[in-house]
Amino acid sequence: MPSLDRLIRVRVSTDTRRKGVVPCPGFGSSPEALAASVAISPGPCLLPAPDMADGFRAMMNDATARMHVAMNVPFTGDADRDFARMMIPHHQGAIDMALVELRYGKDERLKRLAQEIIVSQQQEIEVMHLALGDALAPGSPAPTPISPKAHVHPEH
């Protein structure tokens with residue numbers, strides 16, 4: 001049986017030719033993103049004038065595409081290892097997106113949040129590497145231990 005990824009690629013290719021649609025920019029190049037752009041597009045996409053938004057969009061699309069590819073790891077049967085191996089690229093994706101916000105963002109609150117995301121996600125990545133038994137990268141500070149309740153949200 002073909003993989004879901006293969007089925008989506010074939011579907012996108014077929015839909016694109018049938019509808020005469022060029023996948024809309026800003027959706028990324030993953031099969032899922034292309035499928036979404038084809039599905040909602042009534043016809044050929046109009047390309048916006050190149051500007052800062054295109055750089056932002058391209059960098060965000062690249063960050064999310066890299067994250068999704070890196071998160072696609074085979075399961076080992078060890079929930080802790082699998083969790084860490086998937087969450088490391090997820091956190092790196094957050095860092096990459098925060099860097100894009102710092103480059104293009106205007107809202108000082110969001111830029112400050114982006115800075116905090118970079119610091120906290122880097123620390124959490126180091127904790128996960130240690131849990132996997134990986135050595136710390138040279139020059140890396142020891143990560144700040146994370147409280148087990150640090151990410152628990154109160155119920156409403």
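Please read these numbers as outputs of a predicted model, since none were measured by experiment.

Draft legend 1. Spotlight on the overall build of the chain. Check the secondary structure of the chain and you find five helices and zero strands. Each helix (α) and strand (β) of the chain, taken in turn from the N terminus, gives the series α-α-α-α-α. Burial statistics for the chain: of 156 residues in total, 27% are counted as buried. The long-range share in the chain, meaning contacts at least 24 apart out of those at least 6 apart in sequence, stands at 37%. Looking at the chain as shown, the accessible area adds up to about 10,800 Å², and 63% of this sits on carbon and sulfur atoms.

Draft legend 2. Layout of the confidence of the model for the chain. Confidence in the prediction for the chain averages 73 pLDDT; 56% of positions are at 70 or higher. Segment residues 1–27: pLDDT under 50, and 41 contacts once partners within four positions in sequence are set aside and those in other chains are kept. Per-residue pLDDT stays below 50 along residues 34–50; that stretch engages in 33 contacts with residues further than four places along the chain or on separate chains.

Draft legend 3. How the structure looks around the packing of aromatic side chains. Applying the stated rule across the entire model yields one aromatic pair. Here the aromatic rings of F56 and Y104 are separated by 6.1 Å at their centres, their planes lie at 85°, and the arrangement is edge-to-face. Of this pair, F56 sits in helix 3 (residues 52–71) while Y104 sits in helix 4 (residues 79–104), and the two are 48 residues apart along the sequence. Overall, the relative accessible area of 31% leaves F56 in the partly exposed class. According to the relative accessible area criterion, Y104 is buried, its value standing at 13%.

Draft legend 4. Highlighting helix 5 (residues 108–131). Here helix 5 is 24 residues long and its end C-alpha atoms lie 35 Å apart, about the 34 Å a rise of 1.5 Å per residue gives. Of the residues making up helix 5, those classed as buried are A114, I118, Q121, E124, I125, E126 and M128. Contact partners of the buried residues in helix 5: helix 4.

Draft legend 5. Representation of the environment of D96 in the model. Along the chain, the position of D96 falls in helix 4. Ignoring sequence-local partners within four residues, the contact set of D96 consists of A63 and R66.

Draft legend 6. Structural view of the pattern of salt bridges. Inspection of every chain in the model, using the stated rule, returns five salt bridges. R66 is paired through a salt bridge with D96; the nearest N and O atoms lie 3.3 Å apart. Taken as a pair, R66 in helix 3 and D96 in helix 4 lie far apart in primary sequence, 30 residues in all. Exposure remark for D96: the relative accessible area of 16% places this residue in the buried category. Notably, a salt bridge pairs R109 with D107, separated by 2.7 Å at the nearest N-O pair. The exposure class assigned to D107 is partly exposed, which follows from its relative accessible area of 25%.

Draft legend 7. Examining the packing of helix 4 against helix 5 more closely. Close contact between helix 4 and helix 5 brings their axes to 8 Å; oriented N to C, the two are set at 155°. The angle between helix 4 and helix 5 falls in the class roughly antiparallel. In terms of crossing hand, the pair formed by helix 4 and helix 5 is left-handed. Contacts between helix 4 and helix 5 involve A84, M87, I88, H91, Q92, A94, I95, A98, L99, E101 and L102 from the former and L110, K111, A114, Q115, I117, I118, Q121, Q122, E124, I125, M128 and H129 from the latter. Here the contact of helix 4 with helix 5 is built from residues that sort into 14 nonpolar, six polar and three charged.

What counts, and where the lines are drawn
- Residues numbered from 1 in each chain as written.
- Predicted model: local features only at pLDDT ≥ 70, side-chain atom pairs only at ≥ 80, totals over all residues.
- Heavy atoms only, no water.
- Helix = DSSP H or I, 4+ residues; strand = E, 2+ residues; numbered from the N terminus.
- Buried < 20%, exposed > 50% of the residue type's maximum accessible area, 1.4 Å probe, protein only.
- Contact = heavy atoms within 4.5 Å.
- Areas by Shrake-Rupley, 256 points an atom, 1.4 Å probe, with all protein chains shown as cover.
- pLDDT = per-residue confidence, 0-100.
- Phe/Tyr/Trp six-rings, centres within 6.5 Å; stacked < 30°, edge-to-face > 60°.
- Expected span 1.5 Å × (residues − 1).
- Salt bridge = Lys/Arg side-chain N within 4 Å of Asp/Glu carboxyl O.
- Axes fitted to C-alpha atoms, helices over the stretch in contact; angles between N-to-C directions.
- Parallel < 35°, antiparallel > 145°, perpendicular 65-115°, else oblique.
- Left-handed = near helix turned anticlockwise from the far one by under 90°.
- Nonpolar A, V, L, I, M, F, W, Y, C, P; charged D, E, K, R; others polar.

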